[in-house]
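Architecture at a glance
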Amino acid sequence: MRIAVLGGGNGSFAAAGDFALQGHEVRLWRRDVAAVNEQRANGSRILVKDARGRHDLQLALVTIDIGEAIREAELILCPTPAFAQADIAKLLAPHLSDGQVVFLPPATFGSMIFAQAARRAGHHASVAFAETGTLPWLARKHGPFEVAITIRAKRLPVGVFPQKLSDHAIAVIGRAFPGAIEPCGDALSGALMNAGPIIHPPLIVMNAGPIEHFERWDIHKEGTQPPIRRVTDALDAERIGVREAFGYGAPHFPLANHYASKGEEWMYGRGSHDRLTDSGDWRERIVLTEHRYMLEDLRLGLSFLVSAAALAGVETPLAKSFLAIGGAICNQDFMRTGRTLASLGLGDLDRETLQRLLREGFC
């Protein structure tokens, strides 16, 4: 199938390389003109390293023209950080066409941002916007044209906006991720599967001292200790409580399953945490006021969770606490600079009206 991948980060390179490895026609769009020219001069090639070895692959297209990248693409995958979504959605919107599926893994309800951008552009094409709970790859770039994939997701719960296009969207996404896609309802359900706002805030806030002290620190290895795990489980219980209050059923993909050696498999399958820490790729320099763990997962992810919880009538004391502490570290009010239903223009909707919008889309 023809797939367009948007962005130039770890997730985008993992997507482009892995899809090319599967034999799909892959078009990569980036905003960095110099990086695009350099990669094209290198034959539009990308090197994927995984457990099976090294794979030297050629992409069909590497371009700065987003219209060219998505032309006749069945699937448009955008794994960029949530704080980049509004700009990309505005660039993408005029070029969308009937039947296309925009997949955001994960998104913090970014599917609504992309749908709203298409609507503002006066676009009336029948396009589905979908999101899931995690990036489908645990990956890190090792060079300008090279990416190492440590783990591929085995289970991806996917929510779709509007939900009435779910069958088509799930079928298209499923061809890119065979056997991994699990429909979970509407886009809000998909947004409330996002694991980043649950796993990363406790790890960066409760390890703030060592993160600042050491040149490099692995929050997933030395930083994942029993007291922090207990806090993570409690924070995840708030997320699951919000899902249940909105009427979304199991499976809720509790983060505890990511660490467990038995029971239900999590999104990355059994033993993924150990493979992640063994790789060494997550021993990294983290600047708390700049890193996406803070500015995306904590600021945007938890502010959205708290906002959705308020509409659902659920208390989220831990999420609010991490927002307060993270905001103090960054000298911001994260509920003001974060992502909420109000900031998305949905603050005046009651629960019934919001859920009707999620089902039917904009009328």
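Right above here is the structure, for reference.
Description of the structure in this document. (Residues numbered from 1 in each chain as written. Predicted model: local features only at pLDDT ≥ 70, side-chain atom pairs only at ≥ 80, totals over all residues. Heavy atoms only, no water.)

1. A word on the nonpolar core
Looking at soluble globular proteins, one finds that nonpolar side chains tend to be buried together. Core analysis: the largest hydrophobic core is formed by 122 residues, its most contacted members being Phe19, Phe109, Trp137 and Phe177. Among the elements that take part in this core, helix α13 (residues 292–312) stands out by supplying 11 residues, more than any other. When residues no more than four places from it in sequence are discounted, the contact partners of Phe177 are Phe19, Leu77, Phe103, Pro136, Trp137 and Leu156. (Core = buried A, V, L, I, M, F, W, Y, C linked by side-chain atoms within 4.5 Å. Buried < 20%, exposed > 50% of the residue type's maximum accessible area, 1.4 Å probe, protein only. Helix = DSSP H or I, 4+ residues; strand = E, 2+ residues; numbered from the N terminus. Contact = heavy atoms within 4.5 Å.)

2. Quick notes on the packing of aromatic side chains
One pass over the full model with this rule turns up nine aromatic pairs. On the numbers, 5.5 Å between centres and 70° between planes, the contact of Phe19 with Phe177 is edge-to-face. With Phe19 in helix α1 (residues 10–21) and Phe177 in the loop between α6 (166–176) and β12 (181–186), this residue pair connects regions lying 158 residues apart in the sequence. Each of the two residues, Phe19 as well as Phe177, counts as buried. Counting every residue linked through ring pairs, the aromatic cluster contains Phe19, Phe103, Trp137 and Phe177. Sitting above the plane of the Phe13 ring, Lys141 keeps its charged end 4.2 Å from the centroid. (Phe/Tyr/Trp six-rings, centres within 6.5 Å; stacked < 30°, edge-to-face > 60°. Lys NZ or Arg CZ within 6 Å of the ring centre and 35° of its normal.)

3. A closer look at the packing of helix α8 (residues 196–205) against helix α10 (residues 226–245)
Packing of α8 against α10 brings their axes to within 9 Å, and their N-to-C directions diverge by 145°. In this structure, α8 meets α10 at a crossing whose hand is right-handed. Seen from α8, the contacting residues are Pro197, Ile198, Ile199, Pro202 and Leu203; seen from α10, they are Ile228, Val231, Thr232, Leu235, Asp236 and Arg239. Of the residues in the contact of α8 with α10, the class split is eight nonpolar, one polar and two charged. (Axes fitted to C-alpha atoms, helices over the stretch in contact; angles between N-to-C directions. Left-handed = near helix turned anticlockwise from the far one by under 90°. Nonpolar A, V, L, I, M, F, W, Y, C, P; charged D, E, K, R; others polar.)

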